[in-house]
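Given next are the chains, with one letter for each unit.
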Amino acid sequence: MDLDAVRTFVTAADTGRFQDAAAELAVTQQAVSKRIATLEKVLGVRLFTRTARGATLTIDGQAFLPHARGLLRAEERAVASVRPGRRALRVDVIGRRLAPAAQLGDFRRAHPEVELDVVTLFDVDAAVDAIRAGTIDASFRAVTMPGKRLPDGIGAARAFDEPLQLLTGPSHELAAARAVRPAELVGRRIWMPGLVPGTESAAYYDDLAAAFGLTIEITGPDFGTEPLLDTIADSRSLATFVGEQTRLVWPADHGLRRIALRDPTPVYPHSLVWHHDNPHPALATLRDHFRSGRSGHAGAGTWTPAWA
């Protein structure tokens, strides 16, 4: 259905005269008559009765009028849903328990006027494809993987660094330690079954293992976070790595320990990724927030891969 014709019908109904409708719509009276005639042909009914005093709605016209107004309101909502600044800023945070989600929550509290739509995508390739397609506005990723280059038009800036921690059960040999040096983990079993080869997180942990002579096991079924925590809690030898801001909840009797890593502290480099041509005004607000508040970039006492 031609919405210009519907808009012309509603305007003519409100003004009561085709001539007045033409003036309000900035078209000719002939254009008004043609649009309404076309609409009447589509509907198969007469909408107006022409009189010397103007145009009067027929019974069918009266029945159609509230629906015509609804069509125009739906058009307004549809346009507003994609108008820059009117729709929600759509951001990928990798996982809702991970640091980017917590950081985006901090951004939301600092900028409550910004409406957010939070999504989780699998890896950096999926995120970049979504940014290029316009289905998301930004993503938090570790993007400078070995041999990885971003496509033209895609920008990235280091947003924040997240220190790693060692997670053990209460009976693990290191459970009582307040901090552990990466060198002390040589020969110990680090289990991360959720790592997927080829992803940016796998690239990070591959370099971490190579830098400190560690063995990170990714074999075995990945049943999710809760079964992993159950296994770690009951083991004297298994441990795993988690980000400092990763939100984990476990039963009180698990007694899990989060142990800081020191000398040096491995940090995971999170970057914000976006498209240079994206006009959403809230995207600039998001970028400025992390530009002004970024902290803990790799320096003395920390470690990141050379590609970061």
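Residues numbered from 1 in each chain as written. Predicted model: local features only at pLDDT ≥ 70, side-chain atom pairs only at ≥ 80, totals over all residues. Heavy atoms only, no water.

Enquirer: Help me out: how do you make sense of the layout of surface pockets in this one?
Expert: Remark: the empty space left among the atoms is shown by a probe the size of a water molecule rolled over them. Taken as a whole, the largest pocket encloses approximately 1000 Å³ of empty space. Lining the largest pocket are 35 residues, and of these Ile94, Leu98, Gly194, Ser201 and Thr225 sit closest to its centre. Secondary-structure elements contributing two or more residues to the lining of the largest pocket are β6 (154-168), α7 (200-212), α8 (225-234), β10 (238-243) and β12 (265-275). In terms of residues, the lining of the largest pocket owes the most to one element, β10, which gives four residues. Of the residues in the lining of the largest pocket, the class split is 18 nonpolar, 10 polar and seven charged. (1 Å grid on protein atoms, 1.4 Å probe; cavity = no way out; pocket = protein on both sides within 12 Å on 5 of 7 lines; lining within 4 Å. Points joined across faces, edges and corners; volume = space filled by probe spheres on them. Helix = DSSP H or I, 4+ residues; strand = E, 2+ residues; numbered from the N terminus. Nonpolar A, V, L, I, M, F, W, Y, C, P; charged D, E, K, R; others polar.)

Enquirer: Where do I start with the pattern of salt bridges in this structure?
Expert: Once the charged atoms of two side chains with opposite charge are near each other, the side chains can pair. A full pass over the atoms with the stated rule returns 15 salt bridges. Two residues, Glu173 and Arg188, come together in a salt bridge whose shortest N-O distance is 2.6 Å. Of this pair, Glu173 sits in the loop between β6 and β7 (179-180) while Arg188 sits in the loop between β7 and β8 (189-191); the two residues are 15 residues apart in sequence, bridging distant segments of the chain. Owing to a relative accessible area of 65%, Glu173 belongs among the exposed residues under this scheme. By relative accessible area, Arg188 is classed as partly exposed at 25%. Three or more residues joined by partner-sharing salt bridges are found here, namely Asp4, Arg7 and Glu75. (Salt bridge = Lys/Arg side-chain N within 4 Å of Asp/Glu carboxyl O. Buried < 20%, exposed > 50% of the residue type's maximum accessible area, 1.4 Å probe, protein only.)

Enquirer: It is not clear to me how the packing of aromatic side chains should be interpreted in this structure. Could you clarify?
Expert: In this description, an aromatic ring pair is defined by two values, namely the gap between the centres and the angle between the planes. For the structure shown, the criterion picks out 11 aromatic pairs. Ring geometry for Tyr205 against Phe241: centres 6.1 Å apart, planes inclined by 15 degrees, an arrangement best described as stacked. Remark: Phe241 occurs in strand β10 and Tyr205 occurs in helix α7; sequence separation between them is 36 residues. Per residue, the accessibility class of Tyr205 equals that of Phe241, and both read buried. Aromatic pair Phe212 and Trp303: ring centres 5.7 Å apart, planes at 70 degrees, arrangement edge-to-face. Of this pair, Phe212 sits in helix α7 while Trp303 sits in strand β13 (residues 302-303), and the two are 91 residues apart along the sequence. On the basis of relative accessible area, Trp303 is assigned to the buried category, the value being 15%. Put simply, the rings of Tyr204, Tyr205, Phe212, Phe241, Tyr268 and Trp303 touch in pairs and so form one group of aromatic residues. (Phe/Tyr/Trp six-rings, centres within 6.5 Å; stacked < 30°, edge-to-face > 60°.)

It is worth stressing that arrangement in space is one thing and function is another; only the former is reported here.
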